[in-house]
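# What the coordinates show
One letter stands for each residue in the lines below.
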Amino acid sequence: MSKRSGAVMAANLNSKKPKLWSLGLLETMKDPESIVKKSKQVVVIKDKYPKAKIHYLVLPEADINSIYALNKSHVELLEEFGEIFEEIEKEEKLPLKAGFHAVPSMQRLHMHIISTDMVSPCLKTKLHWNSFTTEFFRPYADVLEELKEKGCITKMAPELVQSCKSRELQCNQCSYKPKTMPQLKEHLLTHLKKEEN
DNA sequence: GTTCTAGAAC
DNA sequence: GTTCTAGAAC
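The following refers to the structure shown. Here the structure is a predicted model, which means the values were calculated and not measured. (Residues numbered from 1 in each chain as written. Chains lettered and ligands numbered in written order. Predicted model: local features only at pLDDT ≥ 70, side-chain atom pairs only at ≥ 80, totals over all residues. Heavy atoms only, no water.)

### Details of the overall build of chain A
The condition that has to hold: Numbered from the N terminus, helices here are DSSP runs of H or I no shorter than four residues, and strands are runs of E no shorter than two. Any residue under 20% of the maximum accessible area for its type is buried, any over 50% is exposed, and the rest in between are partly exposed; the area is computed with a 1.4 Å probe on protein chains only. Note that accessible areas follow from Shrake-Rupley with a 1.4 Å probe, and for residues the cover is restricted to the protein chains shown. The sign given to each residue is positive for Lys and Arg and negative for Asp and Glu; His and the chain ends receive no count. Taken as the charge centre is NZ of Lys, CZ of Arg, CG of Asp or CD of Glu, depending on the residue.
Check the secondary structure of chain A and you find seven helices and six strands. Reading the helices (α) and strands (β) of chain A from amino to carboxyl end gives α-α-β-β-β-α-β-β-α-β-α-α-α. Along the first, second and third principal axes, the C-alpha atoms of chain A reach 65 × 45 × 35 Å. Burial analysis of chain A (197 residues in total) assigns 41% to the buried set. Carbon and sulfur atoms make up 55% of the accessible area of chain A, which amounts to about 11,900 Å² in all. Distance between charge centroids for chain A: 10 Å, based on 31 positive and 26 negative side chains.

Here is the structure:
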């Protein structure tokens, strides 16, 4: 090992290198180009890499990292998420669903509002698919109910997270089980065309 | 979260 | 030979 690489390794061991990309939403929240609407406590932005025809994120202005930082004092805030969701449902023509990823990659609590077509060039990997179509996607209504009943949100068991991530591909609109992502994406187009007729 | 790419799968 | 997936990113 070279002297240089040894020094680099030591530096990295000493300082847990922050995942800078995970802070991206905090910047996007402030970008007027990305903001769709605002209400009292929340901001709605367009997802930078939409996984469906419609894909928004709802975030609080308050510095809350994830659903696992929520307590009873946040019930009102979460209900505002629901009001925003209803507003957007009325505005958009496509069927939408709202929910949170069990293990989010990005910091700052964010709720996905996404149309069910799942047709988008940014939808590429099995993980993309399974994070919206398995229990990894925690529906808004379930999260609100859990917060009201228990005063906090319990983390999903790691084994279940793993099983969601590795689950075989399954169409969200029929019983078709594609072998590959390209097959799935092609198949999703046929559902979309049926919708349009 | 995405990008890149090695090598598995076809 | 090409398509596709999956793991590293210092």
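### Observations regarding the protein's contact with DNA strand B
Stated precisely, the cut-off is as follows: By convention in these notes, a residue is near a molecule or strand provided one of its non-hydrogen atoms lies within 4 Å of it. Side-chain atoms alone can form a polar contact between residues adjacent in sequence; in general such a contact is a pair of N or O atoms within 3.5 Å, and within protein one must be able to donate a hydrogen while the other accepts it.
In the neighbourhood of DNA strand B, the contacting residues comprise Trp21, Tyr49, Lys51, His101, Ser105, Met106, His110, Lys124 and His128. Between a phosphate oxygen of DNA strand B and a side-chain N or O atom of histidine 128, the distance comes to 2.9 Å.

### Some details on the pattern of salt bridges
Any two side chains of opposite charge can pair, so long as their charged atoms come close to each other. The condition that has to hold: Salt bridge, as used here, is a side-chain nitrogen of Lys or Arg placed within 4 Å of a carboxyl oxygen of Asp or Glu.
Under the definition given, this model contains ten salt bridges. For glutamate 135, the salt bridge goes to arginine 167, with nearest N and O atoms at 2.7 Å. One end of the pair, glutamate 135, is in the loop between helix H4 (126–133) and strand S6 (137–139); the other, arginine 167, is in the loop between helix H6 (158–165) and helix H7 (181–196), with 32 residues separating them in the sequence. Glutamate 135 sits in the partly exposed class, given a relative accessible area of 36%.

### Some details on the side chain of lysine 37
What counts is decided by this rule: Should any heavy atoms of two residues lie within 4.5 Å, those residues are considered in contact.
Relative to the helices and strands, lysine 37 is located in strand S1 (residues 35–38). With sequence-adjacent residues up to four places away left out, lysine 37 is seen in contact with Val42, Val43, Val44, Ile84, Glu87, Ile88 and Glu91.

### Considerations on the packing of aromatic side chains
The condition that has to hold: The aromatic pairing rule takes the rings of Phe, Tyr and Trp, using the six-membered ring of Trp, and pairs them if the centres are within 6.5 Å, calling planes under 30 degrees apart stacked, those over 60 edge-to-face and the rest tilted. Two conditions define a charge sitting above a ring: the NZ of Lys or the CZ of Arg must be within 6 Å of the ring centre, and it must be within 35 degrees of the ring normal.
Applying the stated criterion to the full structure yields two aromatic pairs. Measuring from ring centre to ring centre gives 5.9 Å for phenylalanine 132 and phenylalanine 137, while their planes differ by 40 degrees; the resulting arrangement is tilted. The residues phenylalanine 132 and phenylalanine 137 share a single accessibility class, namely buried. Just above the ring of tyrosine 68 sits the side chain of lysine 155; from NZ or CZ to the centre is 5.5 Å.

### Let's talk about the pairing of strand S3 (residues 55–60)
Threshold: A pair of strands counts as paired when DSSP detects no fewer than two bridges linking them.
In terms of burial, S3 is a largely internal element, six of the six residues being buried. By the alternation rule, side chains of S3 split into His55, Leu57 and Leu59 and Tyr56, Val58 and Pro60, which are all buried. As paired elements, strand S2 (residues 42–46) and S3 share five bridges and run antiparallel to each other. Note that in S3 the partner of isoleucine 45 across the bridge is leucine 57. Taken together, the four bridges between S3 and strand S5 (residues 111–115) define a ladder with antiparallel strand orientation. Along S5, the bridge assignment pairs valine 58 with methionine 111.

### Let's talk about the packing of helix H3 (residues 75–91) against helix H5 (residues 140–150)
To be explicit about the condition: To define axes, lines are fitted to C-alpha atoms, for helices over the stretch in contact only, and angles between the resulting N-to-C directions are given on a 0 to 180 degree scale. Orientation labels follow simple angle bins: below 35 degrees gives roughly parallel, above 145 gives roughly antiparallel, 65 to 115 gives roughly perpendicular, and whatever is left gives oblique. Note on convention: the crossing is left-handed when the near helix lies turned anticlockwise from the far helix by less than a right angle, right-handed when the turn is clockwise.
Contact geometry of H3 with H5 gives a least axis separation of 10 Å together with a crossing angle of 165 degrees. Viewed along their axes, H3 and H5 adopt a mutual orientation that is roughly antiparallel. Between H3 and H5 the crossing geometry is left-handed. Taken together, the residues of H5 that come into contact with H3 (itself represented by Val75, Leu78, Glu79, Phe81 and Gly82) are Tyr140, Val143, Leu144, Leu147 and Lys148.

### Considerations on H3
Applicable threshold: Each residue after the first adds 1.5 Å to the expected span of a helix.
The end-to-end C-alpha separation of H3 is 25 Å, in line with the 24 Å expected for 17 residues at 1.5 Å each. Val75, Leu77, Leu78, Glu80, Phe81, Gly82, Ile84, Phe85 and Ile88 are the residues of H3 that are buried. Structurally, H3 contributes buried residues whose contacts are with S1, S2, S3, strand S4 (96–101), S5 and H5.

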